[in-house]
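Descriptive structure summary
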Amino acid sequence: MCRRAHGAGFVTWAGVARESFALESGAALLTRFRSSAQATRSFCSRCGSTLFFESGHWPDEIHVTLANLDSADGLEPKMHAYWSSRAPWADWSGAQLPTVDPPDHGGVEP
């Protein structure tokens, strides 16, 4: 679903502790969509940009699309989530990062 929501081969998210996250402006423009039993996605109702992902698999985090940050300085990949759902044509070994699939995932992304 992440690939479909973004129209891309993969999506890069930055996970933020929920208690550390603050939306400084634009809250009135934010639209939330329950994309599955486990996941909620938020996007800008003005331009349609996907902004946030929240999941019962990571209840203490909010995931922000890296492409929408002004700067990714200081952020480095820590893992590949939903690894079993990666695009079949993506020929990469995982770049030596841990791969993670939630226990009830079964290869289908929420």
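Going by the structure above, here's the rest.
In short, a report on the structure.

Calculation rules
- Residues numbered from 1 in each chain as written.
- Predicted model: local features only at pLDDT ≥ 70, side-chain atom pairs only at ≥ 80, totals over all residues.
- Heavy atoms only, no water.
- Disulfide = S-S within 2.5 Å.
- Buried < 20%, exposed > 50% of the residue type's maximum accessible area, 1.4 Å probe, protein only.
- Phe/Tyr/Trp six-rings, centres within 6.5 Å; stacked < 30°, edge-to-face > 60°.
- Helix = DSSP H or I, 4+ residues; strand = E, 2+ residues; numbered from the N terminus.
- Polar contact = N/O pair within 3.5 Å; in protein donor to acceptor, adjacent residues only side chain to side chain.
- Pairing = 2+ DSSP bridges.
- Contact = heavy atoms within 4.5 Å.

**A few points about the state of the cysteines**
Taken as a whole, this structure holds zero disulfides when the rule is applied. Just so you know, Cys-44 is unpaired, no disulfide at all, and the nearest cysteine sulfur is the one on Cys-47, 3.8 Å from it. On the basis of relative accessibility, which here comes to 14%, the residue Cys-44 falls in the buried class.

**Considering the packing of aromatic side chains**
Tallied over the full model, the rule gives two aromatic pairs. A centroid spacing of 5.6 Å and a plane angle of 35° characterise the contact between Trp-13 and Phe-53, whose relative ring orientation is tilted. Taken as a pair, Trp-13 in strand 1 (residues 13-17) and Phe-53 in strand 4 (residues 50-55) lie far apart in primary sequence, 40 residues in all. Relative to Phe-52, the ring of Phe-21 has its centre 5.2 Å away and its plane inclined at 80°; by these criteria the two rings are edge-to-face. Taken together, the positions of Phe-21 in the loop between strand 1 and strand 2 (30-34) and Phe-52 in strand 4 put the pair 31 residues apart, joining distant regions of the chain.

**As for the side chain of Thr-65**
Within the secondary structure, Thr-65 sits in strand 5 (residues 61-65). A relative accessible area of 3% places Thr-65 in the buried class. Within polar-contact distance, the side chain of Thr-65 engages the side chain of Asn-68 at 2.5 Å.

**Digging into the side chain of Ser-35**
Its location among the elements puts Ser-35 in the loop between strand 2 and strand 3 (39-44). By relative accessible area, which is 12% here, Ser-35 ends up buried. Of note is the side chain of Ser-35, whose polar atom sits 3.1 Å from the side chain of Arg-41.

**With respect to the pairing of strand 3**
In summary, the side chains of a regular strand alternate between the two faces of the sheet. Of all six residues in strand 3, five are buried, a share of seventy percent or more. Looking at chain direction, strand 2 and strand 3 are connected through five bridges and run antiparallel. If you follow Arg-34 over to strand 3, its bridge partner there is Thr-40. Where strand 2 folds back on strand 3, the antiparallel hairpin that results is connected by four residues.

**Digging into the environment of Cys-44**
One can find Cys-44 in strand 3. Excluding residues within four positions of it along the chain, Cys-44 makes contact with Leu-29, Ser-49 and Leu-51.

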